[in-house]
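# Secondary and tertiary structure notes
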Amino acid sequence: MAVKLIDELQKEIKAAGEAVKQEAYEKAYDHVFQILDNLEKLLNDNRYLEGNEITEEDKRLYDILIRFDAVYYFKQRLNRKASGIDLQTASAG
């Protein structure tokens, strides 16, 4: 499940950044935040995406979230909300 969510998230971030028409941008924008909301719910109950140990998918998500506020929030206009990631806590993992 996590693999699919991460793949979809990357695809939709790219789609938002490359959208030429407003409708395409809005669709990707909505989908990005729907996926992020789903990931947030999943991580509210679990430390990692797929259990008690860190996986490659956790690392992929970390990479996306680290870039989110610095790049995607401004460049792709994905600015409904900042990721809110605490870099000190996230890197202490």
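Residues numbered from 1 in each chain as written. Predicted model: local features only at pLDDT ≥ 70, side-chain atom pairs only at ≥ 80, totals over all residues. Heavy atoms only, no water.

### Things to note about the packing of helix α1 (residues 2-18) against helix α2 (residues 22-45)
In contact at an axis separation of 8 Å, α1 and α2 are set at 150 degrees when each is read in the N-to-C sense. Regarding the angle of α1 to α2, the classification is roughly antiparallel. As α1 runs across α2, the sense of the crossing is left-handed. Residue-level contacts link L5, I6, E8, L9, E12, I13, A15 and A16 of α1 to Y25, A28, H31, V32, I35, L36 and L39 of α2. Tallied by class, residues from the contact of α1 with α2 come to 12 nonpolar, 1 polar and 2 charged. (Axes fitted to C-alpha atoms, helices over the stretch in contact; angles between N-to-C directions. Helix = DSSP H or I, 4+ residues; strand = E, 2+ residues; numbered from the N terminus. Parallel < 35°, antiparallel > 145°, perpendicular 65-115°, else oblique. Left-handed = near helix turned anticlockwise from the far one by under 90°. Contact = heavy atoms within 4.5 Å. Nonpolar A, V, L, I, M, F, W, Y, C, P; charged D, E, K, R; others polar.)

### Here we look at the confidence of the model for the chain
Looking at the chain, pLDDT values average 81 and 81% of them are 70 or higher. Taken element by element, the predicted model of the chain shows its lowest mean pLDDT in helix α4 (residues 87-92) (44) and its highest in α1 (91). For the stretch residues 85-93, pLDDT sits under 50, and the model shows 9 contacts to residues farther than four places along the chain or on other chains. (pLDDT = per-residue confidence, 0-100.)

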